[in-house]
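# Chain and residue survey
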Amino acid sequence: MSQISSESQSQFNQELLSFIQSSPTAFHAANSIANQLVAAGFEELDEAAAWNLQAGKRYYIKRNESSIIAFVYGKKDLLETGIRMLGAHTDSPCLKVKPQPELNRKGYLQLGVEVYGGALLSPWFDRDLSLAGRVTFKTSENKIASTLIDFKQAVVSIPSLAIHLDREVNNSRTINPQKDIVPVLLQLGPEQTLAPNFKSILLAQIKQQHPQIDAVSVLDFEISLYDTQAPAIVGFQQDFIASARLDNLLSCFVGLKAILQADDSVSSLLICTDHEEVGSTSCCGAKGPMLQQFLERLIPETETRIRVIERSLMISADNAHGVHPNFIDRHDENHGPILNRGPVVKVNANQRYATTSETSGFFHWLCEQNQVPVQVFVARTDMGCGSTIGPIVASEVGVKTIDVGVPTFAMHSIRETAGVADAYYLYKVATAFYQSLELLNFK
Ligand SMILES: [Zn+2]
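Parameters at a glance
Residues numbered from 1 in each chain as written. Predicted model: local features only at pLDDT ≥ 70, side-chain atom pairs only at ≥ 80, totals over all residues. Heavy atoms only, no water. Axes fitted to C-alpha atoms, helices over the stretch in contact; angles between N-to-C directions. Helix = DSSP H or I, 4+ residues; strand = E, 2+ residues; numbered from the N terminus. Parallel < 35°, antiparallel > 145°, perpendicular 65-115°, else oblique. Left-handed = near helix turned anticlockwise from the far one by under 90°. Contact = heavy atoms within 4.5 Å. Nonpolar A, V, L, I, M, F, W, Y, C, P; charged D, E, K, R; others polar. Phe/Tyr/Trp six-rings, centres within 6.5 Å; stacked < 30°, edge-to-face > 60°. Buried < 20%, exposed > 50% of the residue type's maximum accessible area, 1.4 Å probe, protein only. Salt bridge = Lys/Arg side-chain N within 4 Å of Asp/Glu carboxyl O. Expected span 1.5 Å × (residues − 1). 1 Å grid on protein atoms, 1.4 Å probe; cavity = no way out; pocket = protein on both sides within 12 Å on 5 of 7 lines; lining within 4 Å. Points joined across faces, edges and corners; volume = space filled by probe spheres on them. Donors = N, O, S within 2.8 Å, 3.2 Å for Na, K, Ca; no water. Tetrahedral: all angles 85-135°; square planar, octahedral: opposite > 155°, others 65-115°. Pairing = 2+ DSSP bridges. Core = buried A, V, L, I, M, F, W, Y, C linked by side-chain atoms within 4.5 Å.

## Thoughts on the packing of helix 1 (residues 7–21) against helix 6 (residues 246–261)
- At their nearest, the axes of helix 1 and helix 6 sit 10 Å apart, and the two run at 125° to each other. Considered as vectors, helix 1 and helix 6 are oriented oblique to each other. Helix-helix and strand crossings are classified by hand; for helix 1 and helix 6 the assignment is right-handed. When helix 1 is examined against helix 6, the residues Phe12, Glu15, Leu16, Phe19 and Ile20 are found in contact with a partner set consisting of Leu246, Leu249, Leu250, Cys252, Phe253, Val254, Leu256 and Lys257.
- Considered class by class, the residues forming the contact of helix 1 with helix 6 number 11 nonpolar, no polar and two charged.

Here's what the structure looks like:
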């Protein structure tokens, strides 16, 4: 076992695995987060209603059902304490079903798909895939409503082409996303001339999954494919977590568990937004106004709000690239994070990450106070650098920010790998952060 392994760490990881399994899409992730917040006494606020926020209470809002903000309104004066913010994203790269997806070829009903985000496509072949997402429908009273569905079973697959029909595949494989990754849903029987319509399949699923819902026809849908293989602890010594969507449901779960521990003396906020993988520009993305509008409603007076933001700090948590033992040269020789050696501070001179020496110094200090090891990532100088919500939130809201994340292998694959110790390390730091009175308060 990994040296820092403990009862609480393995319990934490088991909960992380079931959280990911119950969250096949961003909609389901926001819903999973909301369920745990409600169970812990957080009250949902309707963004369309007037608010009367009271110190000492706990609230959350959802937008587009796929982004969520949880807020612990501390009893101490916001001007004195600032707000501890932690941000992550609910979405992951995947395949999304097109609006008119039905393709009938040689008696096979296939579904046209789009690629969402920067997905690694090759791992999607030959897997037992399912479908989940949001469906908007009409009721018998001619009202419009939406619900979440999840087929759970393996209902689609994307078979590879046999090597005998493409002898060069191991030397020069390219994947055409329009042509090569069209999933197969079913085979029509010999007498079956009319292929089922995808909306009628969704309607049947609503009726089966939610018998109480009065749905008469499907108006539209946002349905993604996902892998049915359950997340698992793997490796001869059980050193690793293997799962879909570790980027970034791992960080969402860490933030959620940490804010559930936050006491109500100081103010804490968790924001998990959709659409990070496609640039965050949407009504509910980090580049949209969701957080700014929440802060405006919390602190309507501009000068006070700016003063509170100036005293606040955001930890933007999104996974980092662990140095892959087969591809060591893809990392800078002094900055290759190792799995199970602690969270990674992400630095980029060109502001692809929002980390500054002050925010990084604070995070290092917080790790030290909590006996958590910490690593640093900076990309090779001759390679581009990824980005995340950190710089976006920092520039939208003006809050000082640090970009961190646990190291992983195979980011954006259908099955990514993390170390068993790192999510729990980050959770320890995030929990301490939400209770910390020291927010860059070290002049
Ligand atoms: Zn990410």
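On we go from here.
## Focus on the packing of aromatic side chains
- Applying the stated criterion across every chain yields a total of 12 aromatic pairs.
- Judged by centre distance (5.2 Å) and plane angle (75°), the ring pair of Phe198 and Phe221 falls under edge-to-face. Placement of Phe198 in helix 5 (residues 198–209) and of Phe221 in strand 10 (residues 217–227) is noted, with a sequence separation of 23 residues between them. The same class applies to Phe198 and to Phe221, which are both buried.

## Side note on the pattern of salt bridges
- For the structure shown, the criterion picks out 10 salt bridges.
- The partner of Lys75 in a salt bridge is Asp264, and the shortest N-O contact between them spans 3.5 Å. With Lys75 in the loop between strand 3 (67–72) and helix 3 (78–81) and Asp264 in the loop between helix 6 and strand 13 (267–273), this pair connects stretches of sequence that are 189 residues apart.
- The class for Lys75 is exposed, based on a relative accessible area of 58%.
- One salt-bridge network, in which partners are shared between bridges, spans Glu65, Arg134 and Glu222.

## With respect to helix 6
- With 16 residues, helix 6 extends 22 Å between its outermost C-alpha atoms, agreeing within 8% with the 22 Å of an ideal straight helix rising 1.5 Å per residue.
- A large share of helix 6 lies buried, amounting to 14 of its 16 residues.

## Points about the layout of surface pockets
- Of the voids in this model, the largest pocket is the one considered here, and its volume is about 730 Å³.
- Taken together, 32 residues form the lining of the largest pocket, with His321, Arg330, His331, Met383 and Met411 sitting closest to its centre.
- For the lining of the largest pocket, the elements supplying multiple residues, two or more each, are strand 15 (320–321) and strand 19 (407–409).
- Here the residues of the lining of the largest pocket sort into 12 nonpolar, 12 polar and eight charged.
- Its volume calculated, the second largest pocket comes out at about 490 Å³.
- Lining the second largest pocket are 21 residues, and of these Phe125, Pro159, Ser160, Leu161 and Asp180 lie nearest its centre.
- Among the elements of the structure, strand 6 (108–116) and helix 4 (169–172) are those that each provide at least two residues to the lining of the second largest pocket.
- Partitioning the lining of the second largest pocket into residue classes produces 11 nonpolar, four polar and six charged.

## Digging into the environment of Ala258
- Assignment of secondary structure puts Ala258 in helix 6.
- When the C-alpha atoms of Ala258 and Pro123 are compared, they prove to be 32 Å apart, with 135 residues separating the residues in sequence.

## Some thoughts on the coordination of the zinc ion
- All of the protein donors around the zinc ion are His89 (NE2), Asp247 (OD), Asp318 (OD) and Asp318 (OD); their distances to the metal are 2.0 to 2.6 Å.
- If you look at the zinc ion, its four donor atoms make angles of 54 to 139° with each other, and the shape they trace is irregular.
- Here the donor residues of the zinc ion are spaced in sequence according to H-x157-D-x70-D. You can see His89 sitting in strand 4 (residues 83–89) and its partner Asp247 sitting in helix 6, a full 158 residues away along the chain. Asp247 matches His89 in its accessibility class, with the two residues each being buried.

## Here we look at the sheet that holds strand 1 (residues 43–44)
- Read from one edge to the other, the open sheet built from nine strands follows the order 1-2-3-13-4-14-18-16-17, with strand pairing classed as mixed. Looking at strand neighbours, the two that pair on one side only are strand 1 and strand 17 (375–377), the edges of this open sheet.
- This element, helix 6, spans strand 2 (58–63), strand 3, strand 4, strand 13 and strand 14 (313–317) of the sheet and lies at about 150° to strand 4.
- In the packing of helix 9 (residues 357–369) onto the sheet, contacts are made with strand 14, strand 16 (344–346), strand 17 and strand 18 (400–405), and the angle to strand 18 comes to roughly 55°.

## Points about the nonpolar core
- Counting 55 residues, the largest nonpolar core has Leu37, Ile259 and Phe363 as the members making the most contacts within it.
- With 10 residues, helix 11 (residues 422–435) is the largest single contributor of residues to this core.
- Sequence-distant contacts of Ile259, that is, excluding residues within four places in its chain, are made with Leu37, Phe42, Arg58, Ala70, Val72, Ser268, Leu269, Leu270 and Tyr434.
- Counting residues in each nonpolar core, the second largest holds 33 residues, with Leu121, Trp124, Phe198 and Ile223 among its members.

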